[in-house]
Amino acid sequence: MGIPLKIVYVVLSSLFLLLGCEETEDQKPPEVAITTPVNGVTLADIVLITAIALDDEVVASVELFIDGESFAVDTDAPFEFQWITGSGDNGDHTFLCKATDDSGNEALSELVTVRVMNSLFTASFTQDWLCPSCGTAVLFISDMAGNVLGEASWSGNDEVTIEADNILLDPGDSMMVTTVIPSSFGTVNITTYMAIVVGDEWTFNGVPEINYSNQQTITLDFQNVPDHSGYSLSTAYSSMSSTSSHMGAIQSLFAYEDPVSVYLQLNTTNDGVNYQMFENLSPGSHTLDLTTLHSTLEKTVQYPQEADGQYGYTSLYGYKQFGDYYHGRYRIVREKLSEGSSTSATTLYFPDQYLMAFRTDMYYVIEDVLKMNHVYGEVPDQFHSLNGNIEFLNVTTDQINFSTQGNFDQIRAYLRYSGGDMSYAWNVYGPSNLNQFILPQFSDLVQVRFPDLTREYFNLNYIDLIDYSDVTSHADIIDVHFHSSDYFDNVINEKRIYSEYYRSDDSVLERVKERELDLVNQQSRGF
């Protein structure tokens, strides 16, 4: 027996009635767009970010994402967010909004990319990096085309921030930082650092300096001097030496400290190379007995094969503390490499106590290329040279073009100009892929502070290719110099330099002497 039609009709009618009473589910997502700021704009300070969201029902919330991270949620129109740009880094940032309606439907806006530029550069000068008697110095920022973007002056220990006042001159991804500083010796040193990150913050740490105006004399009357041929006599800041001649019984050295230590090394006739360290001596006259001397340690150091028969020098300096190469140095030996002589190695003699660390230097010239090797710490077994090549393509004041070959970390160009009683040096440092650059225009403050400086008078002298043992890039070098509390030579164990001269009337001997002095000058500025 089947179900009556009347009952079927009632059941179906009830089902249709129930289904008809249910509301249709909202599956349509809202629409959302960021209205301000627009894509590609440059921002600074506090920014108002606004969005518009529409839905056929109700927009429940709009969530803002900055650089992919949730920043804030607004549940009421108008949808607005305040962002302090200084809470992030200079550079590119992204905005994205997500709108949600009361049914849980979501929609994403188009991505907006902006550039933040609150400050171009911040520099802190500490520990008398600029000497107290040097007066005012200038720091200015340029784009890579040499256009000045900002400038500041300072004196003594100070902090300067160069704001991005003119955002129409966008430095792009990198810029140039230039310092122009007077010295207590009547010179002006200009240093330009290429390819620096916009908004970077540096600390210029001054190195320990001796007061050279406090020059005194220490006179030494040596007694019982053994027969010898060759000597080295040194304080931490002055020295005299000879590889062959006899030292007189009475010697005088400049003293800039009180007390002072004096290191003596003698190549004695009967007992080989001996030494003695005389400590706690005050400026004035002293009688010193040489009856008791100590035997030195010795090490044979191999030269690169190509150095055989070339002209150059080997120098050895000692330091009282391992890893501290900025508190004076004692010259132990300076040995000349004679051109045309057969030289595959040298034997270096050094003390077994008092001096805990050493800097071993090698300079030699081959086919007008100057090669250098500086090793810190232990005396090495072998010198290393850097193989490379530099071809000067077009050299003018407005642009210097060149090509390079070799594996190295940094390029350094050295320009100089002498005018009247002043001498000006300009060092330019850049990454290994640098093959052209424009010298920056001098800023207004430079022209006021140093009216005799003329950019067009500077001539390129040489370019160095520099390789360091403990870093792998120009960025690493900048980090050690300006983002670290330590000094560069205390961190770097070895550097190799390949140098070609573009224009120089100096002899080979003068070039080597110039580079030795240049190394001292760079170290005095923390390099």
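Here is a short report on the structure shown in this document. Keep in mind the model is a prediction, meaning the values are calculated, not measured. (Residues numbered from 1 in each chain as written. Predicted model: local features only at pLDDT ≥ 70, side-chain atom pairs only at ≥ 80, totals over all residues. Heavy atoms only, no water.)

## Quick look at the overall build of the protein
The condition is simple: The helix count covers DSSP runs of H or I at least four residues long, the strand count covers runs of E at least two residues long, and both are numbered beginning at the N terminus. Summary of the burial criterion: residues with accessible area below 20% of their type's maximum are buried, those above 50% are exposed, and those between are partly exposed, where the area comes from a 1.4 Å probe applied to protein chains only. Two residues form a contact once any of their heavy atoms are found within 4.5 Å. Accessible surface area values rest on a Shrake-Rupley calculation with a 1.4 Å probe, where residue burial reflects the displayed protein chains alone.
For the protein, the count of helices and strands is five helices and 37 strands. Buried positions account for 49% of the 527 residues belonging to the protein. The long-range share in the protein, meaning contacts at least 24 apart out of those at least 6 apart in sequence, stands at 68%. On the protein, roughly 25200 Å² of surface is accessible, and the fraction owed to carbon and sulfur atoms is 47%.

## Some points on the environment of Y501
If you trace the backbone, Y501 turns up in strand β37 (residues 494-501). When the C-alpha atoms of Y501 and L370 are compared, they prove to be 8.4 Å apart, with 131 residues separating the residues in sequence.

## Some points on the pairing of strand β19 (residues 239-242)
As a reminder of what qualifies: Being paired, for any two strands, means DSSP has found at least two bridges between them.
Pairing geometry for strand β18 (residues 228-234) and β19, over four bridges, is antiparallel. Counted as the bridge partner of S234 is S239 from β19. Where β18 folds back on β19, the antiparallel hairpin that results is connected by four residues.

## Description of the sheet that holds strand β20 (residues 250-255)
Where we set the bar: Axes here mean lines fitted to C-alpha atoms, for a helix over just the part in contact, with angles spanning 0 to 180 degrees between N-to-C directions.
Spatially, the three strands line up as an open sheet ordered β20-β17-β23, and their pairing is mixed. Strands with a single pairing partner mark the edges of an open sheet, and in this sheet they are β20 and β23 (284-289). Here the average twist between neighbouring strands, direction ignored, is 25°. Across six bridges, strand β17 (residues 216-223) lies against β23 in parallel orientation. Among the inter-strand pairings, Q223 is bridged to a residue of β23, identified as D289.

## Things to note about the state of the cysteines
For the record, the criterion: What counts as a disulfide here is a pair of cysteine sulfur atoms lying within 2.5 Å.
Scanning the model with the defined rule gives one disulfide in all. Between the sulfur atoms of C131 and its disulfide mate C134 the distance is 1.7 Å. Between C131 and C134 the disulfide shows an S-S torsion of about 95°. By sign, it is right-handed. Residues C131 and C134 agree in their burial class; the two are buried.

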